[in-house]
Amino acid sequence: MKLNTRNVNRKTGSGFTLLELLVTLVVLSIGLLGLGLMQTTGLGLTKTAYARTQAMMLASDIADRVRANETYAANYVGTSAPGT
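It should be emphasised that the depicted structure is a prediction, and the values quoted were computed from it without experimental measurement.

Student: Run through the pattern of salt bridges, naming residues and quoting values.
Tutor: Applying the stated rule across the entire model yields 2 salt bridges. The salt bridge involving Asp 61 is made with Arg 65; its shortest N-O contact spans 3.1 Å. Here the residue Asp 61 and the residue Arg 65 both occupy positions in helix H2 (residues 18–68), the gap between them amounting to 4 residues, near one helical turn. When the shortest N-O distance is used, the salt bridge between Arg 67 and Asp 64 registers 2.9 Å. Of this pair, Arg 67 and Asp 64 are both found in helix H2, 3 residues apart, which corresponds to roughly one turn of the helix.

Student: Give a detailed account of a nonpolar patch on the surface, specifying residues and quantitative values.
Tutor: A contiguous nonpolar surface patch, about 830 Å² in accessible area, is contributed by Leu 18, Leu 21, Leu 22, Leu 25, Leu 28, Leu 32, Leu 35 and Met 38. Following the sequence through the fold, Leu 25 ends up in helix H2. Accessibility expressed as a relative area gives 47% for Leu 25, which makes it partly exposed.

Definitions and limits used
- Residues numbered from 1 in each chain as written.
- Predicted model: local features only at pLDDT ≥ 70, side-chain atom pairs only at ≥ 80, totals over all residues.
- Heavy atoms only, no water.
- Salt bridge = Lys/Arg side-chain N within 4 Å of Asp/Glu carboxyl O.
- Helix = DSSP H or I, 4+ residues; strand = E, 2+ residues; numbered from the N terminus.
- Patch = residues over 30% accessible without salt bridge, like charges linked within 9 Å, V, L, I, M, F, W, Y side chains within 5 Å.
- Areas by Shrake-Rupley, 256 points an atom, 1.4 Å probe, with all protein chains shown as cover.
- Buried < 20%, exposed > 50% of the residue type's maximum accessible area, 1.4 Å probe, protein only.

The following block contains the structure:
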């Protein structure tokens, strides 16, 4: 009498089960959400760095103008607008 080995191999066969597939999908989705969050954070930090650079350039420009026009440098001091 010959044993049927096909049924035995199917039960002990290797492969992905549904649970392993679901765990893989959860891990992959959490990783993709993390990448999206990093991209969003990087974009926000880039905008902040750009604004700081612009502020530094404007401050440097006004300092150069004050240095170039020392005779009227006192007009740059104060909070009122020129001519008021």
